[in-house]
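Structural description and commentary
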Amino acid sequence: MYIFHKKSDVQHWIEKIKKEGHSIGFVPTMGALHHGHLALFQEAALHCQSITGSIFVNPTQFNEAADFNQYPKTLHSDIYKLNTLTSCHALYAPEPDDIYEDSALFDFDLDGLDQVWEGAFRPGHYKGVVNVVDRLFRIFSPDHVFFGQKDFQQCRVIEKLIEKRFPNIRFHQVPTVRESSGLALSSRNIRLSADELKKAEEIPVILAEMASMAPHSAPSDIKSYGENVFRHVGFELDYIEITDQRNLKEIHDWHSPSVILFAGKLPSVRLIDNWLIPAFPNMSL
Ligand code: AMP
C-alpha cells in the first residue's frame, strides 16, 4: 500500500492509475480503524480495481474542542490493519495544512439536510464534513465512494453533495457493523466505562424493539416509548426521531421507508445509532 502525506503525490498516482483504465474506489475515514471501517474497504474491493482511503481527523467537523482533542490517533496500527486485512492500494494521511491551505471554508446548500437532528445539535458539523469530503473527492476523483450507514444523516448529506457537485460518483451505503452484543462499532466506544458499556449495549435492543412496534403503533407513540426507555436506562437524550429515510423529515404514517435516529449522552461519550424500518404502504393506523 502506498502511503501519501501530500495531495500532489496522491494526484500524480491517481493520474497514472486512471491512464491504466482502473476504476477508483475511495473510503474517507478519521482513523482509529475498526471492523466497521474495514467493511467499507472490503465493499470497495467488490466494485473497483484500485482501492484508496484517507485517514484525517478533520478539525472543522468537531464542534467541541474536547472531543477533537480526545479523538484517538493510531496511524501505525491503522496502516497495519489496512495492509493485512484489506486490499487498499493507496492511503492519504495528511496534516490539516495540506487539505485546507489553498481555500477558505465554503457554505453549501444541502436542501436543509444539515439543519436537522445531528446538524441541529452539532452546529457547523456538516459544513466541516462537506468541506473536507469535497476536497477529498477533488483530490481522488473517485468513481465509487463508500460510507457507513452508522452515520445515516451523513450518508444523506454526502448523497446530496454528490447529486449537486459530483454527478459521476457512485455512492454506496454500507450496513453498520456491530459487536456481538449489537452495539455499533465506533472509534469513541473505547471511552466507555464498564457501567457505560452496559448502558450503551441497550441502544440496539431498544431500537430493535421500537422497530418491531411498527406498523401497528403510531410513530409518535413509538417515539414516546423510546424516549422513556432511553431516559430510564440513564441516557441524556439529544434526540430519538422516526423519519423518512430519504428526506429525514418526521413521519406520521408507515407509507415510506423510515429510520429511527438516536443520539444520546452518557457521562463520558455521546453515541449515535439508527435502525431502518421498511415501508408498509397498505397500512393505515
Ligand atoms: P469515521 O472514521 O468515524 O469518520 O468513519 C468513517 C466511515 O466509517 C464513515 O463512513 C462511517 O459511517 C463508517 N463507519 C463508522 N463506524 C461504522 C460501523 N460500525 N459500521 C459501518 N461503517 C462505519
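These lines cover the structure that appears in this document, whether it is placed above or below. As the structure is a prediction and not an experimental result, all values here were calculated from the model.

Further remarks concern the site of the ligand. The environment of the ligand is made up of 17 residues, and the closest members are Met30, Gly148, Asp151, Val177 and Leu185. Separating an oxygen atom of the ligand from a side-chain N or O atom of Asp151 is a distance of 2.6 Å. Leu185 places a polar main-chain atom, nitrogen or oxygen, 2.9 Å from a nitrogen atom of the ligand. Relative to its unbound accessible area of 480 Å², the ligand is 92% covered by the protein chains. Every element with two or more residues in the shell around the ligand is listed here: strand E2 (24-29), helix H2 (35-47) and strand E5 (144-148). In the shell around the ligand, the residues fall into eight nonpolar, seven polar and two charged.

Okay, the sheet that holds strand E6 (residues 170-174) next. Taken together, six strands build an open sheet; the order of strands is E1-E4-E3-E2-E5-E6 and the sheet is parallel. Edge strands, defined here as strands with exactly one partner in the open sheet, are strand E1 (2-4) and E6. For this sheet the average axis-to-axis angle between neighbouring strands, irrespective of direction, equals 25°. One ladder, built from three bridges, connects E1 with strand E4 (residues 90-92); its direction is parallel. Across the sheet, residue Ile3 finds its bridge partner in E4, namely Leu91. Across the sheet, helix H4 (residues 75-85) is in contact with E1, strand E3 (50-55) and E4; its angle to E3 comes to roughly 165°.

Next up on the list: the pattern of salt bridges. A complete count under the given rule lists 19 salt bridges for this structure. In this structure, Arg188 and Asp67 form a salt bridge, with 3.0 Å as the shortest nitrogen-oxygen distance. With Arg188 in the loop between E6 and helix H9 (194-200) and Asp67 in helix H3 (residues 65-70), the pair connects residues that are 121 residues apart, well separated along the chain. Each member of the pair, Arg188 as well as Asp67, is classed as buried. We note a salt bridge from Lys223 to Glu241, for which the minimum N-O separation is 2.8 Å. One end of the pair, Lys223, is in helix H11 (residues 219-233); the other, Glu241, is in strand E7 (residues 236-244), with 18 residues separating them in the sequence. Its relative accessible area of 8% is what places Glu241 among the buried residues. One network of salt bridges, in which partners are shared, links Glu118, Arg122, Glu236, Asp238, Lys265 and Arg270.

What counts, and where the lines are drawn
Residues numbered from 1 in each chain as written. Predicted model: local features only at pLDDT ≥ 70, side-chain atom pairs only at ≥ 80, totals over all residues. Heavy atoms only, no water. Near = heavy atom within 4 Å. Polar contact = N/O pair within 3.5 Å; in protein donor to acceptor, adjacent residues only side chain to side chain. Areas by Shrake-Rupley, 256 points an atom, 1.4 Å probe, with all protein chains shown as cover. Helix = DSSP H or I, 4+ residues; strand = E, 2+ residues; numbered from the N terminus. Nonpolar A, V, L, I, M, F, W, Y, C, P; charged D, E, K, R; others polar. Pairing = 2+ DSSP bridges. Axes fitted to C-alpha atoms, helices over the stretch in contact; angles between N-to-C directions. Contact = heavy atoms within 4.5 Å. Salt bridge = Lys/Arg side-chain N within 4 Å of Asp/Glu carboxyl O. Buried < 20%, exposed > 50% of the residue type's maximum accessible area, 1.4 Å probe, protein only.

Nothing here speaks to function; it is all geometry.
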